Amino acid sequence: MNQRVVTTIRTPVELASRGLVSPDALPALEQVAACYAVAVTPDVAALIDASDPNDPIARQYIPSADELVTQSGENADPIGDHPHSPVSGIVHRYPDRVLFKLVHVCAVYCRFCFRREMVGPGKDTALSNDAYASALDYIRNHPEIWEVILTGGDPLMLSPRRLQEIMSDLAAIDHVKIIRIHTRVPVADPSRVADETVAALKVSGATTWVALHANHPRELTVEARAACARMIDAGIPMVSQSVLLRGVNDNAATLEALMRTFVECRIKPYYLHHGDLAPGTAHLRTTLEEGQKLMRHLRGRVSGLCQPDYVLDIPGGHGKAPVGPQYLSRRSEDAERQYRIVDYCGDVHLYPPVDETTSR
């Protein structure tokens, strides 16, 4: 196993000194780090089995020379944020909600991140005061906005004081009823979810939701579960977001365990994302067919509480689309209002059922 890490690792040389990568890999990994940020917190490093070359935690956080290979179709803005950004920090893709990108730093940097070109050291760490004010004005001037989703970067990297200011500013807007926070912090650095942070997330005038990003059941450690429990016990509901990743969770047993673990932690599985076309991430993407097969397995094996929506962000900014398996089809064009329905065992049934007494 690797040496116990006490500070966040930020360079390939540090990764090698802690036994997390081979020294022979350093020339290629230095090239990767020059393009995409690296950060591995002590909590995440402690989960990595350095003796396992296929460790599913390492695949998420430890840079790989495969990231230097860009395939056709990959681009720096794979889900099309830019065309829907009317002012700095805001993405308004759907009528009733906006993304509010407050910061461009994270506790850890995922190797599959779809914003990998926009986050990390050297990028703007936070919106300027003027940009923040303009973003708030945009939200105020669009009464159709019911939900504001705080993202980035990771909004829980902000201080409790700054978080409380932002939450209060948003809750003061009459038509904003939901404030959703997307974060990896409870997994990556659970001690940051202190009582002061939880208190900052609670605000009068709007309901707070937290969406936790985790991709493997091992990430939900005792400490991570306690961090989530602090929010949930304070009355903040939680949902999950995961990315389907080759070599991480692209097998039925792992995905089943992950979704059940979320529910055991009182976190409702929400989205299972198909991997985006971010540069240098092809080695981590599955096929849509593989994802659909896994979703069929979940439907037959685990409680409805454990079912996420399998979704794809359509490149070019066209939004999310459900891409899970289909269970319903027309029997034939001339069969009036009769359908084929596939059950969780894979058997096909007609609906409405054929009445044998009238079909003779």
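Caption draft 1: Layout of the packing of helix H5 (residues 129–140) against helix H6 (residues 160–171). It is at 11 Å that the axes of H5 and H6 come closest, and there the two elements cross at 30°. For the element pair H5 / H6, the angle class is roughly parallel. Judged by residue contacts, Tyr132, Leu136 and Ile139 of H5 engage Arg162, Glu165, Ile166, Asp169 and Leu170 from H6. Considered class by class, the residues forming the contact of H5 with H6 number five nonpolar, no polar and three charged.

Caption draft 2: Structural view of the state of the cysteines. The tally for this structure, following the rule as stated, stands at zero disulfides. Here Cys113 is not cross-linked by a disulfide; its sulfur's nearest cysteine counterpart is in Cys106, at 6.3 Å. With no disulfide of its own, Cys228 has Cys265 as its nearest cysteine by sulfur position, at a separation of 6.3 Å.

Caption draft 3: Highlighting the side chain of Glu67. If you trace the backbone, Glu67 turns up in the loop between helix H4 (56–61) and strand S1 (90–94). For Glu67, a relative accessible area of 2% corresponds to the buried category. A distance of 2.9 Å separates the side chain of Glu67 from the side chain of Arg111, its partner in a polar contact. Among residues more than four places away in sequence, those in contact with Glu67 are Val32, Tyr36, Ile62, Arg111, Arg116, Gly280 and His283.

Caption draft 4: Structural detail: the sheet that holds strand S8 (residues 309–313). The nine strands are arranged S1-S2-S3-S4-S5-S6-S7-S8-S9 in an open sheet whose pairing can be described as mixed. Because the sheet does not close on itself, it has two edges, and the strands there are S1 and strand S9 (320–322). Strand-to-strand, the axes of this sheet are offset by a mean angle of 30°, without reference to chain direction. Direction of pairing for strand S2 (residues 97–101) relative to strand S3 (residues 147–151): parallel, over a ladder of five bridges. In the strand pairing of S3, Leu99 is matched with Ile149.

Caption draft 5: Structural context of the nonpolar core. Judged by nonpolar contacts, the single largest core of 86 residues is most densely connected at Phe100, Ile139, Val148, Leu150 and Leu170. The greatest single-element share of this core, amounting to six residues, is contributed by H5. Apart from residues no more than four positions distant in its own chain, Ile139 is found in contact with Ile90, Val98, Phe100, Ile145, Val148, Leu170, Ile173, His175 and Val176. Grouped together as the second largest cluster of nonpolar side chains are five residues, Ala37, Ala39, Cys106 and Val119 included.

Caption draft 6: Main features of the environment of Gly291. Inspection of the secondary structure assignment puts Gly291 in helix H11 (residues 288–301). Since its relative accessible area comes to 0%, Gly291 is described here as buried. A C-alpha to C-alpha distance of 7.4 Å links Gly291 and Leu244, two positions 47 residues apart in sequence. Apart from residues no more than four positions distant in its own chain, Gly291 is found in contact with Leu244 and Tyr310.

Caption draft 7: Layout of the pairing of strand S4 (residues 178–183). Counted residue by residue, S4 has six buried out of six residues, so it is predominantly covered. The alternating pattern of S4 places Ile178, Arg180 and His182 on one face and Ile179, Ile181 and Thr183 on the opposite face, and all of these are buried. Bridge count for S3 against S4 is four bridges, and the pairing is parallel. If you follow Val148 over to S4, its bridge partner there is Ile179. One crossover worth recording links S3 to the parallel S4 by way of H6, and it is right-handed. Where S4 meets strand S5 (residues 207–213), six bridges bridge the pair, whose relative direction is parallel. In the sheet register, His182 faces S5, and the bridge partner there is Ala211.

Calculation rules
Residues numbered from 1 in each chain as written. Predicted model: local features only at pLDDT ≥ 70, side-chain atom pairs only at ≥ 80, totals over all residues. Heavy atoms only, no water. Axes fitted to C-alpha atoms, helices over the stretch in contact; angles between N-to-C directions. Helix = DSSP H or I, 4+ residues; strand = E, 2+ residues; numbered from the N terminus. Parallel < 35°, antiparallel > 145°, perpendicular 65-115°, else oblique. Contact = heavy atoms within 4.5 Å. Nonpolar A, V, L, I, M, F, W, Y, C, P; charged D, E, K, R; others polar. Disulfide = S-S within 2.5 Å. Buried < 20%, exposed > 50% of the residue type's maximum accessible area, 1.4 Å probe, protein only. Polar contact = N/O pair within 3.5 Å; in protein donor to acceptor, adjacent residues only side chain to side chain. Pairing = 2+ DSSP bridges. Core = buried A, V, L, I, M, F, W, Y, C linked by side-chain atoms within 4.5 Å. Right-handed = clockwise from strand over helix to strand, strands pointing away.

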